[in-house]
Amino acid sequence: MIVIENLVKTYPAAAGAGEVSALRGIDLEIAEGEIFGIVGPSGAGKSTLLRCLNLLESPTSGRIVLRGDDVSQLTGAGQRQARRRIGTVFQQFNLLHSRTVRANVEFPLELAGLGRTQRRARADELIELVGLAGKEKAFPSQLSGGQQQRVGIARALASEPDVLLCDEATSALDPDTTDQVLDLLAELNGRIGVTVVLITHELGVLRRICTSAARLDDGRIAETGRILDLVGTPGSVLGSAIVPVGDDPSAGDGADTALVTTIGDEAHGPWLAQLVRKLDVDISVVGGRVEQVAGVTVGRLRLRFGPDVNRADVAAFVDAQSGTTLAWGEGPETIGAVTQGATA
Ligand SMILES: Nc1ncnc2c1ncn2[C@@H]1O[C@H](COP(=O)(O)OP(=O)(O)OP(=O)(O)O)[C@@H](O)[C@H]1O
Ligand SMILES: [Mg+2]
């Protein structure tokens, strides 16, 4: 669907002193129908990547291929046409305040040269789709933040884009409204099949709706994959952040601790009791968490074992359980400047 090849973006630095490398060679594939999350610390290059994707910014080098078409080197009419295949939803909604809801949604259709009757029909259809029927004649100032963002989403969908890009689309909203807007994006993804790429600093957003994600760090892709694969991969920074385990200072240096991850309902049987009985080991639970991730129950337990534990036996026992993985040691814990958020 979207293939990004060795994308580089360099800005001239302030006061002409050298250059800023915002993107240092991004390779990324986003499959059709995904809800793809992009996270990373401030300054990692997330917004730059998004501006390259929606063709507001030209990359210094590299390619962006959208359904087989290289859209990164287009200019003029070709670029304008390609932009219609990519809808963008902004953090601050970016609505026209002197225009009604309907006129805001009609705006891109006007630019595309659509006739009045067609525009109105299409706009009203979209307004209904995002749950705002009855608000056609309201002005943005008469709407709540969540409603304004629904208008922003309807407008972004007006040109029937292949992909919807969201730059921190829910950051200006309270937690309940955030959840509603995220659920709307997931519903639209299911109903009209639009691929969604969203930038977020809220890990709750990844947990709630994303199917895949990438972590950007200093202009590079540090890791990427399906959400549940990341969570099940020992050592994945992103996976650890998506389902974090609290730290207990008494857990010591981690030499005898293990992190067990259980994915799916089958994995949540009485394996811990069986492990203790079968191997006759001493275990303290020093951290734990259960989360819904991509609609699946994921559990994490950090266990500390007695000094003469046979690691191989424990690992063999745990690995034999379905949907369960074990990693010795504390593992990675944090990514900078990303928050857990209130979202479930
Ligand atoms: N127009 C610009 N001119 C010069 N440098 C820029 C420009 N836009 C971004 N940068 C630099 O590129 C780097 C990446 O910025 P970007 O805005 O993409 O980060 P981000 O990951 O979106 O951060 P945040 O989470 O704070 O929004 C930063 O070092 C930034 O200062
Ligand atoms: Mg940004």
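Not measured: the values here are computed from a predicted model.

> Hey, could you run me through the layout of surface pockets in this one?
One way to see where empty space is left: roll a probe the size of a water molecule over the atoms. Of the voids in this model, the largest pocket is the one considered here, and its volume is about 630 Å³. Contributing elements (two or more residues each) for the lining of the largest pocket: α2 (76–83), β6 (86–89), α3 (101–111) and α5 (145–157). Residues that form the lining of the largest pocket fall into these classes: 8 nonpolar, 5 polar and 4 charged. Approximately 190 Å³ is the volume attributed to the second largest pocket. Lining the second largest pocket are 13 residues, and of these Arg 122, Glu 160, Pro 161, Ile 192 and Val 194 sit closest to its centre. Of all the elements, helix α4 (residues 116–129) adds the most residues to the lining of the second largest pocket, at 4 residues. Taken together, the residues that form the lining of the second largest pocket break down as 6 nonpolar, 1 polar and 6 charged.

> Any chance you could explain the site of ligand 1 here in plain terms?
Lining the immediate surroundings of ligand 1 are Tyr 11, Val 20, Ala 22, Pro 41, Ser 42, Gly 43, Ala 44, Gly 45, Lys 46, Ser 47, Thr 48 and Arg 51. A distance of 2.8 Å separates an oxygen atom of ligand 1 from a polar atom in the backbone of Gly 43. In this structure, Lys 46 approaches ligand 1 through a side-chain N or O atom, which is 2.7 Å from an oxygen atom. Protein chains shield 60% of the accessible area of ligand 1, which is 640 Å² for the free molecule. Of all elements in the fold, only β2 (19–30) and α1 (46–53) reach the threshold of two or more residues within the shell around ligand 1. When residues of the shell around ligand 1 are assigned to their parent elements, the largest contribution, 4 residues, is made by α1. The residue inventory of the shell around ligand 1, partitioned by class, reads 5 nonpolar, 5 polar and 2 charged.

> Looking at this model, I keep getting lost on the nonpolar core. Mind explaining?
In a soluble, globular protein the nonpolar side chains are often hidden away together inside. Of all hydrophobic cores here, the largest spans 49 residues; its most connected members are Ile 153, Leu 164, Leu 198, Leu 206 and Ile 242. For Leu 198, the residues in contact, after removing those within four places along its chain, are Ile 35, Phe 36, Gly 37, Ile 38, Cys 166, Leu 185, Val 205, Ile 209 and Cys 210. Residues Leu 28, Leu 53, Val 163 and Val 197 belong to the second largest nonpolar core, which totals 27 residues.

> Whenever I open this one, the domain arrangement of the protein confuses me. Can you help?
Much of the literature gives interface size as the accessible area that the parts lose upon coming together. Domains assigned within the protein are domain 1 (2–230) and domain 2 (246–328). One C-alpha centre belongs to domain 1, the other to domain 2, and the line joining them spans 39 Å. Contact residues are listed per partner, giving 4 residues for domain 1 and 8 residues for domain 2. Three residues, Arg 207, Ile 227 and Leu 228, lead the burial of domain 1 against domain 2; their summed loss comes to 89% of the area buried on that side. Linking domain 1 to domain 2 there are 1 salt bridge. One salt bridge in this structure joins Arg 207 and Glu 291, with 3.6 Å as the shortest N-O distance. Where domain 1 touches domain 2, the interface holds 1 residue pair in polar contact (both at pLDDT 80 or more).

> I tried to follow the pairing of strand β13 (residues 296–305) on my own but got confused; where do I start?
Successive side chains on a regular strand alternate, one facing one side of the sheet and the next facing the other. Burial runs high along β13: 7 of the 10 residues are buried. Relative to β13, strand β11 (residues 257–263) runs antiparallel, the two sharing 7 bridges. If you follow Thr 261 over to β13, its bridge partner there is Arg 300. Sheet analysis places strand β12 (residues 283–293) next to β13, joined by 10 bridges and oriented antiparallel. From the neighbouring strand, Gly 288 faces β13, where its bridge partner is Leu 301. Hairpin connection, β12 to β13: the antiparallel pair is bridged by 2 residues, and Ala 294 has positive phi, about 50°.

Reading the values: rules and limits
Residues numbered from 1 in each chain as written. Chains lettered and ligands numbered in written order. Predicted model: local features only at pLDDT ≥ 70, side-chain atom pairs only at ≥ 80, totals over all residues. Heavy atoms only, no water. 1 Å grid on protein atoms, 1.4 Å probe; cavity = no way out; pocket = protein on both sides within 12 Å on 5 of 7 lines; lining within 4 Å. Points joined across faces, edges and corners; volume = space filled by probe spheres on them. Helix = DSSP H or I, 4+ residues; strand = E, 2+ residues; numbered from the N terminus. Nonpolar A, V, L, I, M, F, W, Y, C, P; charged D, E, K, R; others polar. Near = heavy atom within 4 Å. Polar contact = N/O pair within 3.5 Å; in protein donor to acceptor, adjacent residues only side chain to side chain. Areas by Shrake-Rupley, 256 points an atom, 1.4 Å probe, with all protein chains shown as cover. Core = buried A, V, L, I, M, F, W, Y, C linked by side-chain atoms within 4.5 Å. Buried < 20%, exposed > 50% of the residue type's maximum accessible area, 1.4 Å probe, protein only. Contact = heavy atoms within 4.5 Å. Domains from an automatic or database assignment. Buried area = accessible area lost by both parts, 1.4 Å probe. Salt bridge = Lys/Arg side-chain N within 4 Å of Asp/Glu carboxyl O. Pairing = 2+ DSSP bridges.

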